[in-house]
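Chain residues, written in single-letter form:
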2 protein chains.
Amino acid sequence: MSGIEKLKQSIIENFGTPCPVIDLDIVEKNISRAQKLCDEKGLLNRPHIKTHKSPVLAKMQIASGAKGITCQKLGEAEVMVDAGITDIVIATNLLGASRSGRLAALQKRVGLKVCADNPISIGAYSDAAHAAERSLDVMIECDTGQKRAGVESPAEVMTLAQIIKDDPMLNFVGLLFYPPQDGWVRTQEFWNQTKAGLARLGLSAKIVSTGGTPNFRNIGQLDGATEHRAGTCIFNDLMTINAGVAGLEDCAFQVFTSVVSRGGAGRGILDAGSKTLTSDQFGLEGFGRLVEHPDAVIEKFAEEHGFLNLSRCKNALQVGDIVRVIPNHVCVAVNMVDQLVAVRGNEIVDVIPVAARGKLV
Amino acid sequence: MSGIEKLKQSIIENFGTPCPVIDLDIVEKNISRAQKLCDEKGLLNRPHIKTHKSPVLAKMQIASGAKGITCQKLGEAEVMVDAGITDIVIATNLLGASRSGRLAALQKRVGLKVCADNPISIGAYSDAAHAAERSLDVMIECDTGQKRAGVESPAEVMTLAQIIKDDPMLNFVGLLFYPPQDGWVRTQEFWNQTKAGLARLGLSAKIVSTGGTPNFRNIGQLDGATEHRAGTCIFNDLMTINAGVAGLEDCAFQVFTSVVSRGGAGRGILDAGSKTLTSDQFGLEGFGRLVEHPDAVIEKFAEEHGFLNLSRCKNALQVGDIVRVIPNHVCVAVNMVDQLVAVRGNEIVDVIPVAARGKLV
């Protein structure tokens, strides 16, 4: 039996299927690559932990040179603080966490950096800082074309920066950007104007953050940026391959899944569905790539079944075969599971809890 | 402040946002309705717990008259057995659970009913029954047009029934159907032929199960059916509304979510994204319905953000507003969260753990 066949047997006998697996050799290469990209451009590296949600993996990133981490939820930051990580940016407007008292409780334990794009969020942060009796660092989220959250003009940054400046419990510390692929020139103009405006207020941005694994193509293009935050690059997926910033060999996360039925001719059923791989599609064909059968298409999902179209598939799949699936979007797939089985090559070496899984607030 | 505004304040202060909420008054009505539908047609009710994944709610269904429950994963059944529920059908080919030894371990504790559509699954069940030293009840899954798992002809049922009959550790107990909306006549023909064939083998089906909340329109149409299994009807969602078997007033599950940013004109951002409501779309417009603003469209998701198109929205949304979202597909949304906040009307009355959440195997 080949090494990979032995691993498949070992996975199903020890964990059953479907089973989420990461290869730590690839994870380490991916962590080093992100660090090197930042180092080469003179940027601090602040990986976004939304992809792996694991203090174990966050600490590997910090050991490799990361300045700190980025979280998207207060609940994620709580888990990371519990594990001893303290340099944390939370990259979103935190309203639920502010109004439930959880932001204040965590801020009492460790000085956080939070983000806002509106006066309501800033007011909530002020309340939290007062409750924590500790001043809070605030960044302003800026949108230069993604049409996500974020203020859309330097003038709006000025308005918010003034509010932060006027609040004795808040410290203005910088800006958060996620430039679109074709928006780096526009982002430069936005930053240049903002920098000048901030200077007129007597402020400067200690942190100017750019974001995204797809932006590995553009990293370092913003003159004035101080750090980059990328999440998906630790594992990669079909989305980052499609974006041209990773290859199949860089994909560290795979779901081992059994063929549980053939259904009818030209069809097959996997035991992994939307409750394992999720319905995220990103305009890609199908819902994941079978490593062993790239010509098979996961055409749709039921909750616990993947529906294979095998009409273009040269090699037959049999019930009981175990195949490996690389998901379209690894960040949401990891968020479905409580633990990741860690391998190196074909050996199982560890089980890593997804400790911050499902932190809604 | 109105009752619902008070509830929203109470939710965000106690739990933050986004927060999944179920109304137990509606849950109870939905449970009674499903029971009554089955009772009227002389069918046993065996609700599918994949929707709620909670022993608390499963016991409410049993108290209302359900014969037992249906699970989709061995791990779900383990949680239900731990809670004292013993009459369980697991409605899928269980390969991972068989080969990892977990099926045998649970079968040792309680006699399960499992499903197969191929000889490999049946062989795995025989191994599990031997390991458990307890014979295992097996149903055959049949496909009459959904093109999911399931054998596609009565002749295939015969082949599998003979294998089960010949195995001293397995008992043939019946058939599992999920007829398509327009496939009930075909299902009747399939069953009639199968029944005759089984008689020639000296077998009869103690259980003939039909499935699905959308099939509430057709329940009772299969002469010979003994029970029905439906899951989504306990909560309902935009899918069951779209299928014509529920109204908005029957939707027991809502996600309370904050408007955290307005982005730009005609846009808005919710703090619930694909990691809360999931990307399941089912051909519906958008990714959920805002109770307060049905003319707002959740156009797309980031992981933790819902992107609102407000261009058709008559009433403005402000940052800090809390709105309620009914998801496209409640079964996958519930599977994202560890607990459900239970209300009756505008009062919080309980917190119910989603104890079988994320059971992959």
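Residues numbered from 1 in each chain as written. Chains lettered and ligands numbered in written order. Predicted model: local features only at pLDDT ≥ 70, side-chain atom pairs only at ≥ 80, totals over all residues.

## Observations concerning the relation of the copies chain B and chain A
- Superposing chain B onto chain A requires a rotation of 180 degrees together with a translation of 0.0 Å along the rotation axis, leaving an RMSD of 0.0 Å. Here the transformation between the copies is reduced to the relation of a two-fold axis. In terms of C-alpha distance to the rotation axis, chain B has S279 of chain B as its closest residue, with the C-alpha 2.6 Å off the axis.
- Comparing interface residues between copies, 98% of those in chain B also sit at the interface in chain A, which points to an isologous, same-surface contact. (Least-squares fit on C-alpha atoms with pLDDT ≥ 70 in both. Contact = placed C-beta atoms within 7 Å.)

## A short note on the pairing of strand 6 (residues 136-142) of chain B
Residue and element names in this part refer to chain B.
- Most of strand 6 is tucked away, with seven of its seven residues classed as buried.
- Neither face of strand 6 is left uncovered, since the one carrying L136, V138, I140 and C142 and the one carrying D137, M139 and E141 both have all their residues buried.
- In the sheet, strand 5 (residues 113-116) pairs with strand 6 via four bridges, with the strands oriented parallel. Bridging from a neighbouring strand, C115 pairs with M139 of strand 6.
- A crossover links strand 5 with its parallel partner strand 6, the connecting element being helix 7 (residues 119-132), and its sense is right-handed.
- One ladder, built from seven bridges, connects strand 6 with strand 7 (residues 170-177); its direction is parallel. By the bridge assignment, L136 is partnered in strand 7 with L170.
- Once the chain exits strand 6 it traverses helix 8 (residues 154-166) before rejoining the sheet at strand 7, and the crossover so formed is right-handed. (Buried ≥ 20, exposed ≤ 12 C-beta atoms within 10 Å, placed from the backbone. Helix = DSSP H or I, 4+ residues; strand = E, 2+ residues; numbered from the N terminus. Pairing = 2+ DSSP bridges. Right-handed = clockwise from strand over helix to strand, strands pointing away.)

## Looking at unusual backbone geometry
- Residue P18 of chain A is bonded to the preceding T17 of chain A through a cis peptide linkage, with omega at -5 degrees.
- Backbone geometry at K147 of chain A places phi at a positive 60 degrees, although glycine is not the residue there.
- Residue position: K147 of chain A is located in the loop between strand 6 (136-142) and helix 8 (154-166).
- Phi is positive for N236 of chain B, close to 65 degrees, though the residue is something other than glycine.
- Here N236 of chain B is to be found in the loop between strand 9 (227-229) and helix 10 (238-242).
- For N236 of chain B, a count of 26 C-beta atoms within 10 Å translates into the label buried.

## Re the environment of K359 of chain B
Residues and elements named next belong to chain B.
- As for its position among the elements, K359 is in the segment after strand 17 (347-353).
- Along the backbone, K359 and K53 are 306 residues apart, and their C-alpha atoms lie at a distance of 9.4 Å.
- Not counting residues up to four positions away in its chain, the partners in contact with K359 are K73, G75 and E76.

## Points about the interface of chain B and chain A
- Taken residue by residue, the interface counts 56 residues in chain B and 55 residues in chain A.
- The set of elements that each furnish at least two residues to the side of chain B that touches chain A consists of helix 1 (3-15), strand 4 (88-93), helix 5 (96-99), strand 10 (253-261), strand 11 (267-270) and helix 11 (330-334) of chain B.
- Sort the elements by how many residues they give to the side of chain B that touches chain A and helix 1 of chain B lands first, with four residues.
- Taken together, the residues of the side of chain B that touches chain A sort by class into 17 nonpolar, 21 polar and 18 charged. (Nonpolar A, V, L, I, M, F, W, Y, C, P; charged D, E, K, R; others polar.)

## Remarks on the sheet that holds strand 3 (residues 69-71) of chain B
Residues and elements named next belong to chain B.
- Read from one edge to the other, the open sheet built from eight strands follows the order 2-9-8-7-6-5-4-3, with strand pairing classed as parallel. Because the sheet does not close on itself, it has two edges, and the strands there are strand 2 (44-45) and strand 3.
- In this sheet, strand 9 lies alongside strand 8 (residues 207-211) in parallel orientation, the contact comprising three bridges. Paired with G211 across the strands is R229, a residue of strand 9.
- Sheet strands in contact with helix 8 are strand 5, strand 6 and strand 7, and its direction is about 175 degrees off that of strand 6. (Axes fitted to C-alpha atoms, helices over the stretch in contact; angles between N-to-C directions.)

## Looking at the domain arrangement of chain A
All names here are of chain A.
- What the domain assignment reports for chain A is domain 1 (3-22 + 239-353) and domain 2 (24-235).
- The C-alpha centroid of domain 2 is placed 33 Å from the C-alpha centroid of domain 1.
- Listed per partner, the contact involves 18 residues of domain 1 and 20 residues of domain 2.
- Of all elements in the fold, only helix 11 (330-334), strand 16 (339-344) and strand 17 (347-353) reach the threshold of two or more residues within the side of domain 1 that touches domain 2.
- In the side of domain 1 that touches domain 2, the residues fall into 12 nonpolar, four polar and two charged. (Domains from an automatic or database assignment.)

## A short note on helix 8 of chain B
All names here are of chain B.
- Relative to the 18 Å expected for 13 residues at 1.5 Å per residue, helix 8 spans 18 Å between its end C-alpha atoms, a close match to the ideal helical length.
- Looking only at helix 8, the buried set comprises P154, V157, L160, A161 and I164. Down the axis of helix 8, the buried side of the element spans an arc of 120 degrees, and every buried residue falls inside it. When the buried face of helix 8 is taken as reference, the exposed residues oriented beyond 90 degrees from it are A155 and D166. (Expected span 1.5 Å × (residues − 1). Arc of directions from axis to C-beta.)

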